[in-house]
Amino acid sequence: MSPSPSALLDLRPQPGAPPIARAELDGDASDWVAAHRDALRGAVTEYGAVLVRGLGLWDAAGVAEVAARLGGGPMAEREAFAPRTPYPGGVYSSTRWPANQPMCMHHELSYAREFPALMLFACLTAPAEGGATGVADASAVLEALPPALVERFEREGWLLTRGYNDEVGASWTDSFGTDDGAAGRAAVERYCLATGIEFQWQPDGGLRTRQRRPAVVRHPVTGRRCWFNQIAFLNEWTLADEVREYLIDDYGPDGLPFNTRFGNGDPIDARTVALIDEIYQAHTAREPWQAGDLLLVDNIGTAHSREVFTGPREVLVSMIDPVRLDGR
């Protein structure tokens, strides 16, 4: 019998935190990752997330090398809801989001037809306080949600509405990676038609879209049912009250940069959003960042978040192993 991933990595599970593997380097970080690739991937499937400490990652080039050695290939982000800085090798900065506002639990690009199966987070600069990337088991969250709510979302799916503009969030040119001319508009329209997104150009040049996606999926490796979406994170009730009121005053209730609804178009009330967030919080595991850390997250089986922080924080991201929704 071959050793388990836990034994090969000498993982140290601890309550309330992802298991930690401590790297002892004979070469550089990418060599260590390549030597432990199968064990790392196996451990991520088993635990949902693994933190590797001691790799000494300190720049985007090193993170890109590690991502490449993990295999599977990086994917380019489309439909981003907030700006990122891209680096060579399929590496991105973290999403630009105010440090004093949490990024609630979500699965990366779960509103898109194509999304990463594996997320790589690399901490180059650890914040003074807070700023952890929390993780939560999507199957455990699903089991804890009220059955009637789950049944409705399984039956109807969830609806994401977006109002692209040049002031809040990612513009449509940034989100779809195009220019703002006629060719860029045509490229956006082709993408939307190919991925089941309804679109409407606005008189001021803005864009509004609607897309319906499943809220529960089966994990392609484990077969477990997973709560897989961004229903709570991208909902209007997750915004701070003053921010929500400002955006509604400026763009109207139907023109918010992003909002979520039940699959039939009914609004989701604040209590439902709060309940989902409370269940996420009850299932959150976290470990404070140290500079050089690498966190691997199973994007389908595990949600992730970003907590509020103070001081500089630089965490780079790579999205690995693209999966197509209609291919599962």
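Structure shown above.
Residues numbered from 1 in each chain as written. Predicted model: local features only at pLDDT ≥ 70, side-chain atom pairs only at ≥ 80, totals over all residues. Heavy atoms only, no water.

Here the focus is the environment of glutamine 230. Of note, glutamine 230 is situated in the loop between β14 (225–227) and α9 (241–251). The buried category is assigned to glutamine 230, whose relative accessible area is 1%. (Helix = DSSP H or I, 4+ residues; strand = E, 2+ residues; numbered from the N terminus. Buried < 20%, exposed > 50% of the residue type's maximum accessible area, 1.4 Å probe, protein only.)

Taken together, the side chains of Asp166, Glu167, Asp174, Asp179, Asp180, Asp204, Asp241, Glu242, Glu245, Asp249 and Asp250 present a region of like negative charge at the surface. A total of five residues in the negative patch trace back to one element, the largest contributor, which is α9. Considering the arrangement of structural elements, one finds aspartate 180 in the loop between α7 (172–176) and α8 (182–194). We classify aspartate 180 as exposed; its relative accessible area is 61%. (Patch = residues over 30% accessible without salt bridge, like charges linked within 9 Å, V, L, I, M, F, W, Y side chains within 5 Å. Areas by Shrake-Rupley, 256 points an atom, 1.4 Å probe, with all protein chains shown as cover. Salt bridge = Lys/Arg side-chain N within 4 Å of Asp/Glu carboxyl O. Lys, Arg positive; Asp, Glu negative; His and termini not counted. Charge placed at Lys NZ, Arg CZ, Asp CG, Glu CD.)

Moving on, we come to the nonpolar core. Phe153 and Trp227 are the most contacted members of the largest nonpolar core, which totals 55 residues. In this structure, phenylalanine 153 is in contact with Trp158, Ala215, Trp227, Ile231, Arg261, Phe262 and Ile268, ignoring residues within four places of it in sequence. By size, the runner-up hydrophobic cluster in this structure holds 30 residues, among which are Leu11, Ala60, Ala67 and Leu316. (Core = buried A, V, L, I, M, F, W, Y, C linked by side-chain atoms within 4.5 Å. Contact = heavy atoms within 4.5 Å.)

Now for the sheet that holds strand β1 (residues 12–14). The strand order across the open sheet formed by eight strands is β1-β2-β3-β17-β7-β20-β5-β4, and the pairing between neighbours is mixed. The outermost strands of the open sheet, each flanked by one partner alone, are β1 and β4 (86–87). In this structure, strand β5 (residues 91–93) lies alongside strand β20 (residues 314–324), joined through three bridges in antiparallel fashion. In the strand pairing of β20, serine 93 is matched with leucine 316. Lying on the sheet, helix α4 (residues 60–70) is in contact with β4, β5, β7 (114–125), β17 (294–298) and β20; it crosses β7 at an angle near 140°. (Pairing = 2+ DSSP bridges. Axes fitted to C-alpha atoms, helices over the stretch in contact; angles between N-to-C directions.)

By the bridge criterion, five bridges tie strand β11 (residues 197–201) to strand β12 (residues 207–213) in an arrangement that is antiparallel. Bridging across to β12, glutamate 198 finds its partner in arginine 210.

Regarding α9, the residues found buried are Arg244, Leu247 and Tyr251. Down the axis of α9, the buried side of the element spans an arc of 70°, and every buried residue falls inside it. Opposite the packed face of α9, turned more than 90 degrees from it, sit the exposed residues Asp241, Glu242 and Asp249. Residues of α9 that are buried in the fold lie against β12. Glycine 252 sits one or two positions beyond α9 and adopts a positive phi of about 80°. (Arc of directions from axis to C-beta.)

Moving on: the pattern of salt bridges. Taken as a whole and judged by the stated rule, the model has 16 salt bridges. Its salt-bridge partner being glutamate 151, residue arginine 155 comes within 2.5 Å of it at the nearest N-O pair. Highlighted residues: arginine 155 and glutamate 151, both in helix α6 (residues 147–156), separated by four residues, approximately one helical turn. Judged by relative accessible area, glutamate 151 falls into the partly exposed class, the value being 41%. Put simply, glutamate 156 and arginine 155 hold a salt bridge, and the shortest N to O gap is 3.5 Å. Residue class for glutamate 156 comes out buried when judged on its relative accessible area of 17%. Owing to a relative accessible area of 51%, arginine 155 belongs among the exposed residues under this scheme. Each of Glu151, Arg152, Arg155, Glu156 and Asp266 takes part in salt bridges that share partners, so that together they form one network.

Okay, the pairing of β7 next. Here β7 lies mainly inside the structure; 10 of its 12 residues are buried. Bridge count between β7 and β20: 10 bridges; the pairing is antiparallel. Residue pairing across strands places phenylalanine 115 opposite valine 323, the latter belonging to β20. With five bridges connecting them, β7 and β17 associate as antiparallel partners. Note that in β17 the partner of leucine 120 across the bridge is leucine 296.

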